[in-house]
Amino acid sequence: MWQFGMALLLLGGLPPDGAAQLAKVSRLQAALQRVASDPELVQAVRAQNAKGMTLATIRAEDDVWLSTPALTPFKQRVLDARCSRVLARHREALGHRVVAEAFAMDRLGALVGATRRTSDYWQGDEEKFQVPFREGRMLEEKPFFDESSQAYVVQVSLPVRDAGRVIGAVTLSLSLLDL
């Protein structure tokens with residue numbers, strides 16, 4: 001039986017101790033909720049929402065983001081944002097190896113802050129934004145090998161709430177091998 005389970009984990013793309021590591025993810029839920037409810041993070045998302053950016057503007061920014069892998073001034077502004085510093089503080093508290101990456105999104109799915117460069121600026125077309133924002137619940141995605149961080153990760157996304165109303169979302173990529 002053990003060999004069958006091991007084969008399933010390996011075929012599924014998980015490290016050999018992946019099942020045990022996934023159990024650890026659920027034990028982190030309270031800490032992840034603290035990230036999503038951090039007053040500074042909520043304020044940063046609220047402030048970006050107040051700018052009233054349109055989806056057309058966000059999509060245009062996303063096209064520019066995707067057009068070059070280089071660290072552009074726009075990408076650097078996102079990485080230097082107050083929200084990014086808040087996420088970095090939580091990443092350090094949880095363990096910088098445990099949290100491979102973290103990023104927050106506004107009401108349309110645009111980045112508000114990130115601990116490292118993401119592949120795209122607009123997350124609004126992805127489940128990691130849609131489920132927490134539209135349904136107001138946490139989403140734990142299936143584990144995968146993330147090329148950019150060179151780690152087996154599971155992404156956990158949570159709604160960001162302001163006075164009980166969902167105003168954005170936050171995603172944390174947790175490194176399964178470092179939990």
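Above: the structure in question.
Residues numbered from 1 in each chain as written. Predicted model: local features only at pLDDT ≥ 70, side-chain atom pairs only at ≥ 80, totals over all residues. Heavy atoms only, no water.

Novice: Which parts of the structure should I look at to understand the nonpolar core?
Specialist: For soluble globular proteins, the rule of thumb is that nonpolar side chains tend to be buried together. With 27 residues, the main nonpolar core has Leu-41, Leu-87, Val-170, Leu-172 and Leu-174 as its most contacted residues. At the level of elements, α3 (29-36), α4 (39-50), α7 (82-94), β1 (99-105), β5 (151-162) and β6 (165-175) are the ones that each hand at least two residues to this core. Ignoring sequence-local partners within four residues, the contact set of Val-170 consists of Val-35, Ala-36, Leu-41, Leu-87, Phe-103, Ala-104, Met-105, Val-156, Ser-157, Leu-158 and Val-160. Counting 13 residues, the second-largest nonpolar core is a separate cluster that includes Trp-65, Val-78, Ala-114 and Phe-129. (Core = buried A, V, L, I, M, F, W, Y, C linked by side-chain atoms within 4.5 Å. Buried < 20%, exposed > 50% of the residue type's maximum accessible area, 1.4 Å probe, protein only. Helix = DSSP H or I, 4+ residues; strand = E, 2+ residues; numbered from the N terminus. Contact = heavy atoms within 4.5 Å.)

Novice: What's the story with unusual backbone geometry in this structure? I'm lost.
Specialist: As a rule of thumb, non-glycine residues mostly have phi less than zero, and peptide bonds are mostly trans rather than cis. Positive phi, normally seen in glycine, also occurs at Ala-163, with a value near 55°. Topologically, Ala-163 is positioned in the loop between β5 and β6.

Novice: Hey, could you run me through the layout of surface pockets in this one?
Specialist: To locate leftover empty space, one rolls a probe as large as a water molecule over the atoms. There is about 310 Å³ of room inside the largest pocket. As for the largest pocket, its lining consists of 15 residues, of which Gln-48, Lys-51, Ala-81, Leu-111 and Val-112 are closest to the centre. Counted by class, the lining of the largest pocket contains 10 nonpolar, one polar and four charged residues. (1 Å grid on protein atoms, 1.4 Å probe; cavity = no way out; pocket = protein on both sides within 12 Å on 5 of 7 lines; lining within 4 Å. Points joined across faces, edges and corners; volume = space filled by probe spheres on them. Nonpolar A, V, L, I, M, F, W, Y, C, P; charged D, E, K, R; others polar.)

Novice: Quick question: what am I supposed to make of the pairing of strand β2 (residues 111-114) here?
Specialist: Within a regular strand, side chains alternate between the sheet's two faces. In terms of strand pairing, β1 meets β2 through three bridges, oriented antiparallel. From the neighbouring strand, Ala-104 faces β2, where its bridge partner is Gly-113. Here β1 hands over to β2 after five residues, with Gly-109 in that stretch at a positive phi of 95°. (Pairing = 2+ DSSP bridges.)

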